[in-house]
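# Results of the structural survey
Chain residues, written in single-letter form:
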Amino acid sequence: MSITIQAKTDYSFLFSSLGSGAAGVAGSTFLLDYASIKNGSYLKLMKAYYAEDANDTVKSLVNSDATGKADSKTLARVQTAADALKESADALLEKSSDSVFTKKDITTVDENGVESTQKGYDTESIYKAVNSLVTNFNAVVDAVNDSGSESITKRAESMVNATISNLKLLNKIGITLNDDSTLSLDKDTFMEADMTTVKSLFGENGSYGYRVSAQSSLIGYAADREANRTNTYTFTGGYSSLYNAGSLFNGYF
């Protein structure tokens, strides 16, 4: 009996997509996935998950593996929240004539009914811009807490640490840091605050707002990188398009 091997079906073709360099092999993950299937660890995980008495911790492994990777929906929420936070921080950093800190003609009426007009800050518009940042800041903190990712959490911790460093000034304009690392903004205190202080906190290069903008970019980047490492398998049991080398085996498992 003889076996005929057709062109492009021998073992050299099987691994051809890895590339000849060390980077090609090191950049591939399908061998690790194959090993988890071969040694039975993947089967044990599935049996534990589908067991009637499986606890929440075991079931969470389907959405978050041992290295702390979050599921794609949570990572997408982190990215969306981080993008919104950066947008609101950048709006306060705007330096053009559209800047929220551009002084405008403000008309006031004294106790005698006499009107007077002078240049001043539009406090209401500034409040809305800062309130938007606070809202989006809290959304990021909430999403990051759900992610369970160490790389994302570290970026968020840097943002919170920046908040702590500026807490005295933030308190003066009505912003407080809660025990869960979210922010609260008291409108009455803010409206009575010195807008020059607000501008120094949110509208200058190197300011607190500038650091929030930078950290929100890094949080979004970390979530994007994490997303590119998760969801190795599709719902059909094949490999996702992110793992080109792994698609070689779709027809064999």
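Basis of the calculations
- Residue positions are given per chain, counted from 1 along the sequence in the order it is written.
- Predicted model: local features are reported for residues with pLDDT of at least 70 only, side-chain atom pairs are reported and counted for 80 or more only, and whole-chain, interface and lining totals are derived from all residues.
- Remark: hydrogens and water are excluded; side-chain values derive from all non-hydrogen atoms of the structure.
- For salt bridges, the criterion is a side-chain nitrogen of Lys or Arg within 4 Å of an Asp or Glu carboxyl oxygen.
- Think of it this way: any DSSP run of H or I at least four residues long counts as a helix, any run of E at least two long counts as a strand, and we number them from the N terminus.
- Buried, partly exposed and exposed residues are distinguished by accessible area as a fraction of the type maximum, computed with a 1.4 Å probe on protein chains only: under 20%, between the cut-offs, and over 50%, respectively.
- This arc is built from the directions going out from the helix axis to the C-beta atoms.
- Here a polar contact is taken to be a pair of N or O atoms separated by no more than 3.5 Å, where protein atoms must pair a possible hydrogen donor with a possible acceptor and residues adjacent in sequence count only if both atoms sit in side chains.
- To define a nonpolar core, start from buried Ala, Val, Leu, Ile, Met, Phe, Trp, Tyr and Cys residues and group those joined through side-chain atoms within 4.5 Å.
- The contact definition used throughout considers only heavy atoms, calling two residues in contact when any of these lie within 4.5 Å.
- Axes, fitted as lines to C-alpha atoms, cover a helix only where it is in contact. Angles between the N-to-C directions of the axes lie from 0 to 180 degrees.
- Oblique is the label for every angle not falling under 35 degrees (roughly parallel), over 145 degrees (roughly antiparallel), or within 65 to 115 degrees (roughly perpendicular).
- What makes a crossing left-handed is the near helix being turned counterclockwise from the far one by less than a right angle; a clockwise turn instead makes it right-handed.
- A pair of strands counts as paired when DSSP detects no fewer than two bridges linking them.
- Each residue receives one of three labels: charged for Asp, Glu, Lys and Arg, nonpolar for Ala, Val, Leu, Ile, Met, Phe, Trp, Tyr, Cys and Pro, and polar for the others, Gly being one of them.
- For a helix, the expected span equals 1.5 Å multiplied by the number of residues minus one.
- When the centres of two rings from Phe, Tyr and Trp lie within 6.5 Å, Trp using its six-membered ring, the rings pair. Their planes under 30 degrees apart give stacked, over 60 give edge-to-face, and anything left gives tilted.

An unreviewed UniProt entry annotates the chain as Flagellar hook-associated protein 2 C-terminal domain-containing protein originating from Candidatus Acetatifactor stercoripullorum.

Glancing now at the pattern of salt bridges. Using the criterion set out here, one finds 6 salt bridges in the structure. A salt bridge links Lys-187 to Glu-124; the shortest N-O distance between them is 3.5 Å. Of the two residues, Lys-187 sits in helix α10 (residues 187–192) while Glu-124 sits in helix α7 (residues 123–147), which places them 63 residues apart along the sequence. Judged by its relative accessible area of 31%, Glu-124 falls in the partly exposed class. Salt bridges linked by common partners bring Arg-77, Asp-142 and Asp-146 together as one network.

The next thing to look at is helix α11 (residues 195–202). If you check which residues of α11 are buried, you get Met-195, Thr-197, Val-198, Leu-201 and Phe-202. Buried residues of α11, seen end-on, are gathered within an arc of 150° and therefore sit on one face of the element. The N-terminus of α11 is capped by Asp-194, whose side-chain oxygen sits 3.0 Å from the backbone nitrogen of Thr-196.

For the rest of this paragraph, the subject is the nonpolar core. Ranked by internal contacts, the top residues of the largest apolar core, which has 41 residues, are Val-130 and Phe-202. For this core, the elements supplying multiple residues, two or more each, are α6 (72–93), α7, α8 (150–165), β4 (183–185), α11 and α12 (208–227). Sort the elements by how many residues they give to this core and α7 lands first, with 11 residues. When sequence neighbours within four positions are dropped, the list of residues in contact with Val-130 reads Leu-92, Ile-175, Leu-185, Phe-190, Val-198 and Phe-202.

Here we come to the packing of α6 against α12. Running from N to C, α6 and α12 cross one another at 160°; their axes reach a closest spacing of 8 Å. Comparing their axes, α12 and α6 come out roughly antiparallel. Crossing handedness for the pair α6 and α12: left-handed. Note on element contacts: α12 touches α6 through Gly-209, Tyr-210, Val-212, Ser-213, Ser-216, Ser-217, Ile-219, Gly-220, Ala-223, Asp-224, Glu-226 and Ala-227, opposite Leu-75, Val-78, Gln-79, Ala-82, Leu-85, Lys-86, Ala-89, Asp-90 and Leu-93.

You can see Lys-95 is positioned in the loop between α6 and β1 (104–109). With relative accessibility at 49%, the residue Lys-95 sits in the partly exposed group. Taking the C-alpha atoms as reference points, Lys-95 and Gly-203, separated by 108 residues in sequence, lie 8.0 Å from one another. Dropping the residues within four chain positions of it, Lys-95 is found in contact with Gly-203, Glu-204 and Asn-205.

Quick look at the side chain of Ser-207 now. Within the element layout of this structure, Ser-207 appears in the loop between α11 and α12. On the basis of relative accessibility, which here comes to 5%, the residue Ser-207 falls in the buried class. Side-chain polar atoms of Ser-207 contact the backbone oxygen of Glu-204, separated by 2.5 Å.

What follows concerns the pairing of β1. Two strands pair when backbone bridges link them, and β1 and strand β2 (residues 115–120) are joined in this way by 6 bridges, in the antiparallel orientation. Among the inter-strand pairings, Lys-104 is bridged to a residue of β2, identified as Gly-120. Count of turn residues in the β1/β2 antiparallel hairpin: 5 residues, of which Gly-113 carries a positive phi of about 85°.

A pair of packed helices is characterised by two quantities: the angle between their axes and the separation of those axes. In the contact formed by α6 and α7, the axes pass within 8 Å of each other and the chain directions differ by 155°. Comparing the axis directions of α6 and α7 gives the class roughly antiparallel. Two packed elements cross with a definite hand, and for α6 against α7 that hand is left-handed. Partitioning the contact of α6 with α7 into residue classes produces 15 nonpolar, 5 polar and 3 charged.

Before going further, it helps to spend a moment on unusual backbone geometry. Most peptide bonds take the trans configuration, and most residues that are not glycine carry a negative phi. In this model, Ser-181 sits at a positive phi of 75°, which is unusual for a non-glycine residue. Tracing the chain through its elements places Ser-181 in the loop between β3 (175–177) and β4. Given the relative accessible area of 24%, Ser-181 is considered partly exposed.

For α7, which comprises 25 residues, the first-to-last C-alpha distance of 36 Å matches the rise-based estimate of 36 Å (1.5 Å per residue) to within 8%. Gly-148, located one to two residues past α7, shows a positive phi value of around 65°.

This paragraph deals with the packing of aromatic side chains. If you walk through the whole model with that rule in mind, you get 3 aromatic pairs. Taking 6.5 Å as the distance between ring centres and 85° as the angle between the ring planes, the aromatic pair formed by Phe-101 and Tyr-121 counts as edge-to-face. Note that Phe-101 is positioned in the loop between α6 and β1 and Tyr-121 in the loop between β2 and α7, a separation of 20 residues in sequence.

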